Amino acid sequence: MVLIVISWIYILFTTINLGFLTDKILQLKNKNFVITSILGLFSVTILASIWAIFGRINIEFHALLLLTNILLYIRFQKSITEHYTAFWIELKQLNKALKVFLIILFFLILAQCASIPFVIDNESYYIQTIKWLNEYGFVKGLANLHLFLGQTSGWHVTQSAFNFSFLYQNFNDLSGFCLLLGNLFAIQKLNDYFKNNNSNYLIIGLFPLFNILFFQFISAPSPDIPVYVFSFIFFFYFLENFKKLTPETFNLLVILALFLFYIKNTTVTFFVFPIILLLFHFKSIFKELLKPALLSIILISLFIVKNLIVSGTVAFPSNLFGSINMDYAIPNSIQSFYYEQIKCYGYFVTPEKYNSMSAGDLFLRWITMSKLNGLFNKISVLLILITPFLILKFKNEKAHWSIYFVMVIQLILLLITSPQYRFFLNYILFFSLFCLICMIKNNRVINILIMLSLIPVVIVLFFSINLSKFANNNSLMEISNFSSQNIIFPFSNSKNSITFETIRIGNLKYNSPQNNDFFWGNGNGDLPCINKVQIEYFEKYFHYRPQMRTNNLKDGFYSKEITKNE
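Residues numbered from 1 in each chain as written. Predicted model: local features only at pLDDT ≥ 70, side-chain atom pairs only at ≥ 80, totals over all residues. Heavy atoms only, no water.

Draft legend 1. View of the packing of aromatic side chains. In total, this model carries 66 aromatic pairs according to the counting rule given. Residues Phe-164 and Phe-171 carry aromatic rings whose centres are separated by 6.0 Å and whose planes lie at 85° to one another, so their mutual orientation is edge-to-face. The residues Phe-164 and Phe-171 share a single accessibility class, namely buried. (Phe/Tyr/Trp six-rings, centres within 6.5 Å; stacked < 30°, edge-to-face > 60°. Buried < 20%, exposed > 50% of the residue type's maximum accessible area, 1.4 Å probe, protein only.)

Draft legend 2. Local environment of the side chain of Asn-183. Here Asn-183 shows up in helix 8 (residues 174-196). Look at Asn-183 and you get buried, because its relative accessible area is 0%. Here the side chain of Asn-183 touches Asn-211 through a polar contact of 2.9 Å, side chain to side chain. Excluding anything up to four places from it in sequence, Asn-183 contacts Phe-101, Leu-102, Leu-105, Phe-207, Pro-208 and Asn-211. (Helix = DSSP H or I, 4+ residues; strand = E, 2+ residues; numbered from the N terminus. Polar contact = N/O pair within 3.5 Å; in protein donor to acceptor, adjacent residues only side chain to side chain. Contact = heavy atoms within 4.5 Å.)

Draft legend 3. Examining a nonpolar patch on the surface more closely. Among the surface-exposed residues, Ile-448, Leu-452, Ile-455, Ile-459, Phe-462 and Phe-463 lie close enough to one another that they form a single nonpolar patch of about 550 Å² accessible area. Counting residues per element, the nonpolar patch draws most heavily on helix 23 (residues 454-462), which supplies three residues. With respect to the element layout, Ile-459 can be found in helix 23. Since its relative accessible area comes to 37%, Ile-459 is described here as partly exposed. (Patch = residues over 30% accessible without salt bridge, like charges linked within 9 Å, V, L, I, M, F, W, Y side chains within 5 Å. Areas by Shrake-Rupley, 256 points an atom, 1.4 Å probe, with all protein chains shown as cover. Salt bridge = Lys/Arg side-chain N within 4 Å of Asp/Glu carboxyl O.)

Draft legend 4. Local environment of the state of the cysteines. On inspection of all chains with the given rule, the structure shows zero disulfides. Free of any disulfide, Cys-178 has its nearest neighbouring cysteine sulfur in Cys-113, separated by 11 Å. Free of any disulfide, Cys-438 has its nearest neighbouring cysteine sulfur in Cys-435, separated by 6.2 Å. When its relative accessible area of 15% is taken as the criterion, Cys-438 is described as buried. (Disulfide = S-S within 2.5 Å.)

Draft legend 5. Structural detail: helix 18 (residues 359-367). Taken together, the buried positions of helix 18 are occupied by Leu-362, Trp-366 and Ile-367. Looking straight down helix 18, one finds that the buried residues subtend no more than 125° of arc, so they occupy a single side. On the buried face of helix 18, the contacting elements are helix 16 (332-347), helix 17 (351-356), helix 19 (371-394) and helix 20 (398-416). (Arc of directions from axis to C-beta.)

Draft legend 6. Molecular detail of the pairing of strand 3 (residues 544-548). Along strand 3, five of the five residues are buried, which leaves the element largely enclosed by surrounding structure. Along strand 3, one buried face is formed by Tyr-544, Pro-546 and Met-548 and the opposite face, lined by Arg-545 and Gln-547, is buried too. Where strand 3 and strand 4 (residues 557-561) come together, five bridges link them in antiparallel fashion. Following the sheet pairing, Tyr-544 is matched in strand 4 by Glu-561. (Pairing = 2+ DSSP bridges.)

Draft legend 7. Here's a closer look at the pattern of salt bridges. Applying the stated rule across the entire model yields nine salt bridges. Residue Glu-397 pairs with Lys-243 through a salt bridge whose shortest N-O separation is 3.9 Å. Separated by 154 residues along the polypeptide, Glu-397 in the loop between helix 19 and helix 20 and Lys-243 in the loop between helix 11 (224-241) and helix 12 (247-263) bring together distant segments of the chain. Taking relative accessible area as the criterion, Lys-243 reaches 63% and is therefore assigned exposed. Between Glu-539 and Arg-545 there is a salt bridge, and its shortest N-O distance comes to 3.1 Å. Taking relative accessible area as the criterion, Arg-545 reaches 12% and is therefore assigned buried. Bridged by salt links that share partners, the residues Asp-121, Asp-224, Lys-264 and Arg-422 form one connected network.

If you want it as structure tokens, here you go:
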């Protein structure tokens, strides 16, 4: 915990400095401390992504980052210090209950981040993605080694910039830092709600009620956490500024939409919101569109370049823009297999079963699933049905209708592609709170709810709980608990203590986890690391095996077709 706090202090210092610079360049006129830090995260992500095209995100990048920090603080010391002072004053003005809540929550988030990583994707590709970024940057055809590595998220680029791998190996906690920012922003707005009685402030202010859902994801760099946090902040600014939009707020919303997309491309529907605002406020903002346009070009170009390098295609694992492929692109047969697996996974059926089912059969299968998946699927449909009536009765405004219709679009897209509830959870949570505030607005009740939300977090963090009644995945049966051994040093980046064997196949020498029954699992092995079961599977059924393009790992991989004589 102690080491995580030290790393977060530096991360906060860095993001505030770079966020201040970003605000100054784009003239956003932002006064919110949390937004400044998010702008800093956005800036670091862009800088690190550009850097990763040419080399590793390691001590060289941090030397540049540290120098930039020092120069920025020296040049703008007075203004940056005023930012900290204003934030401290805001914290002191919180009511007593909210202060106590933030203090307790801070230590709970730290404890969770220091505990065993729970997210199964951490073992399949989070750890390895970040390792590749730290040691080589973006690597050509990396997805040929492991398909999941083709999903390299912008959030993993950010984590690779802030895990200080050249100093210490167990920093993996940027999602926890992000959740803390989200709760700070929410509590600020909740405190404002007690003064202005604005329901938009109350919706974002109740965000902490869902910490119990978020906590198991913050001991690993899950891209889902920033998606949920930034989505709520986006919704707040969208609702508050829909009627009277300034160019500065429009630019901030564009940045948040771009950041969300770069972190997780399933958030592509967030681009609809700036388009809606543009249609309603074109006359007042069209003269100021150059900056958001340039920023969009830069980030989308980075997204395409990243994909072309790592997977060899523009939009992995989609077949969109299939004509634009690099010579090391994943073979079409394997890419189609992967895309089909993603679709089928959302319905928990085999490809054969999926192809034999009608759209109605698939929907019925989806909504009648058991456990947590089925619960959130049912809630999704329920919200789609009841939200229009509540909007009509309590908040019949275009801004709320806009979010509702984008939610419907998002659900339809997911039903066509991969209807996993976590890709839709930001909308579920937002409209769940919208429904809640239609019934509860008493300040005392709200304070009690906020404080009570800590109880399940404490129980889950310090007591062992079996999730067999809730989870559909056997890998998610046990949650991680805090141990006193992690008060100073956080737990290892991987929850598994496994050994690795070195295997050579053609010109590729790789490390494979031993006694590992997770097909996609790699763990924390030295690069290159991949489960030999995967290589054997794709060689047997698709007749391809990964090979190095040259003798240098930085030059990447390609899939070599196996002939009858091999």
